[in-house]
Amino acid sequence: MGGFEYLFTVVVTLFVIMDPPGIVPIYLALTGTMDKRERSRAALQATALSLGVITLFALLGQQIINYLHIDLAALQGAGGLLLLLVSLQLLTGKADDPNDQATSNIALVPLGTPLLAGPGAIVAVILFVQQAPSQISYLWIAIAIVFLHIVIYLVMRFSGVLVRILRRGGIEVLTRIAGVLLAAIAVQLIANAVMGYVEVFEHSSGIGTW
């Protein structure tokens with residue numbers, strides 16, 4: 001896989017998981033009583049927190065996995081289940097009500113985490129780092145993470161324009177499409193986990209070595 005192709009894969013996967021268009025309705029609902037300046041600051045704070053959390057797990061996720069002695073297959077399976085839950089929420093529209101979150105700064109919770117830097121994105125980043133085919137791939141992952149957060153910030157910053165263009169129906173359609181793609185990614189992760197355990201079993205039992 002070429003560098004730009006790998007970059008595209010990481011960007012698309014994280015885009016589907018973090019779902020920038022889908023965050024627009026929640027962002028507008030949470031910042032509805034704020035003026036334009038406060039909404040811009042909330043968008044910047046949420047993006048910065050998400051970037052920090054994702055970067056932290058990208059750098060230390062491998063060490064955490066090694067310390068806990070977690071197999072890649074187990075991580076893939078857990079990640080697939082988490083992504084499947086997120087995809088079901090996107091498909092059914094059953095997201096957590098942001099009004100139920102009690103916090104003095106909605107930009108940090110629930111916007112920054114868990115809506116942006118949620119378990120799905122964290123697991124995906126750890127897997128990308130762990131499965132990076134070469135050293136240069138780490139650079140592509142970093143570029144993808146930064147690029148996606150720039151997109152997220154711009155989407156929230158200019159969400160009023162997007163709503164006028166796409167309307168509510170357009171954003172709902174994009175959210176459902178993202179849910180379908182995310183479900184496919186989740187199923188693939190679970191399938192990879194199963195195949196990983198099958199290969200380990202065959203290797204340990206000597207099957208296929210004759």
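The structure we're discussing is the one just above.
Residues numbered from 1 in each chain as written. Predicted model: local features only at pLDDT ≥ 70, side-chain atom pairs only at ≥ 80, totals over all residues. Heavy atoms only, no water.

Visitor: Would you mind showing me how to read the overall build of the protein chain here?
Guide: When helices and strands are tallied, the protein chain shows 8 helices and 0 strands. Going from N to C terminus, the protein chain has its helices and strands arranged as α-α-α-α-α-α-α-α. Counting across all 210 residues of the protein chain, residues that qualify as buried make up 39%. A sequence separation of at least 24 residues applies to 88% of the contacts in the protein chain between residues at least 6 apart. Of the roughly 11,800 Å² that the protein chain leaves accessible, carbon and sulfur atoms contribute 68%. (Helix = DSSP H or I, 4+ residues; strand = E, 2+ residues; numbered from the N terminus. Buried < 20%, exposed > 50% of the residue type's maximum accessible area, 1.4 Å probe, protein only. Contact = heavy atoms within 4.5 Å. Areas by Shrake-Rupley, 256 points an atom, 1.4 Å probe, with all protein chains shown as cover.)

Visitor: Hey, could you run me through the environment of L148 in this one?
Guide: Along the chain, L148 turns up in helix 7 (residues 136–157). Owing to a relative accessible area of 1%, L148 belongs among the buried residues under this scheme. Sequence-wise, L148 and V10 are 138 residues apart; in three dimensions their C-alpha atoms are separated by 9.7 Å. The contacts of L148, once residues within four sequence positions are left out, are L14, F15, M18 and P20.

Visitor: I'm lost on the packing of helix 1 (residues 3–18) against helix 6 (residues 119–130) in this one. Help?
Guide: Between two packed helices, the angle of one axis relative to the other and the distance separating the axes together describe the packing. It is the contact of helix 1 with helix 6, at a shortest axis distance of 9 Å, that shows an interaxial angle of 165°. Taken together, helix 1 and helix 6 sit at an angle that is classed as roughly antiparallel. The way helix 1 lies across helix 6 gives a crossing that is right-handed. On helix 6, the residues that touch Y6, T9, V10, T13, L14, I17 and M18 of helix 1 are G120, A121, A124, V125 and F128. (Axes fitted to C-alpha atoms, helices over the stretch in contact; angles between N-to-C directions. Parallel < 35°, antiparallel > 145°, perpendicular 65-115°, else oblique. Left-handed = near helix turned anticlockwise from the far one by under 90°.)

Visitor: Help me understand helix 7 in this model?
Guide: Quick reminder: α-helices carry 3.6 residues per turn. Residues three or four places apart thus point the same way. A rise of 1.5 Å per residue sets the reference length of helix 7, with its 22 residues, at 32 Å; its end C-alpha atoms lie 32 Å apart and thus fit the reference within 8%. Every buried residue of helix 7 is listed here: S137, W140, I141, A144, I145, L148, H149, I152, V155 and M156. Projected down its long axis, helix 7 carries its buried residues within an arc of 165°, all on one side. (Expected span 1.5 Å × (residues − 1). Arc of directions from axis to C-beta.)

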